[in-house]
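Geometric and topological summary
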Amino acid sequence: MIHVVAIVTARPGQRARVLEAFAANRPAVLAEHGCIEYQATVDAQGLPPSEGSFGADTFVVIEKWQTLADLQAHAASKHMAAYGAQTRAWIAGKRIHVLEPV
């Protein structure tokens, strides 16, 4: 199994817009071969900000894939290219961590 933690930082005030596009694209991703989990997450409500908080412009995508090949096919898919083109101007940066269990 492959785990992905993608930290996406939107341009100021654009996170909701990016998350709307993410939500619209999510069903296509969940339908992909080998997709186990694909979920956007934000800082939990009700807790004071801390060193580990991401803040109002950032969200984290938690993904699980059956195989590395499944993840690579996902990255090359037409719907992900379309999502990337749609959101490019709204995103300030992203860090993608691809992990495997030990």
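Report on the accompanying structure. Computed from a predicted structure; not experimentally measured.

Rules and cut-offs
- Residues numbered from 1 in each chain as written.
- Predicted model: local features only at pLDDT ≥ 70, side-chain atom pairs only at ≥ 80, totals over all residues.
- Heavy atoms only, no water.
- Helix = DSSP H or I, 4+ residues; strand = E, 2+ residues; numbered from the N terminus.
- Expected span 1.5 Å × (residues − 1).
- Buried < 20%, exposed > 50% of the residue type's maximum accessible area, 1.4 Å probe, protein only.
- Contact = heavy atoms within 4.5 Å.
- Phe/Tyr/Trp six-rings, centres within 6.5 Å; stacked < 30°, edge-to-face > 60°.
- Salt bridge = Lys/Arg side-chain N within 4 Å of Asp/Glu carboxyl O.

Attention shifts here to helix H1 (residues 15-30). The terminal C-alpha atoms of H1, which comprises 16 residues, lie 21 Å apart, in line with the 22 Å expected from a rise of 1.5 Å per residue. Considered for burial, the residues of H1 that qualify are Val 18, Ala 21, Phe 22, Asn 25 and Val 29. On its buried face, H1 is in contact with strand E1 (2-10), strand E2 (35-41), strand E3 (58-65), helix H2 (68-75), helix H3 (78-87) and strand E4 (91-99).

Attention shifts here to the packing of aromatic side chains. Evaluation of the coordinates by the stated rule reveals two aromatic pairs. Plain terms: the ring middles of Phe 22 and Tyr 38 are 4.8 Å apart, the flat faces sit at 15° to each other, and that makes the pair stacked. Placement of Phe 22 in helix H1 and of Tyr 38 in strand E2 is noted, with a sequence separation of 16 residues between them. Grouped by ring-pair contacts, the aromatic residues Phe 22, Tyr 38 and Phe 59 constitute a single cluster.

On to the pattern of salt bridges. Here the idea is simple: oppositely charged side chains can pair when their charged atoms come close. Considering all chains together, one arrives at one salt bridge under this definition. With its nearest N and O atoms 3.8 Å apart, the salt bridge here joins Glu 37 to Lys 64. Separated by 27 residues along the polypeptide, Glu 37 in strand E2 and Lys 64 in strand E3 bring together distant segments of the chain.

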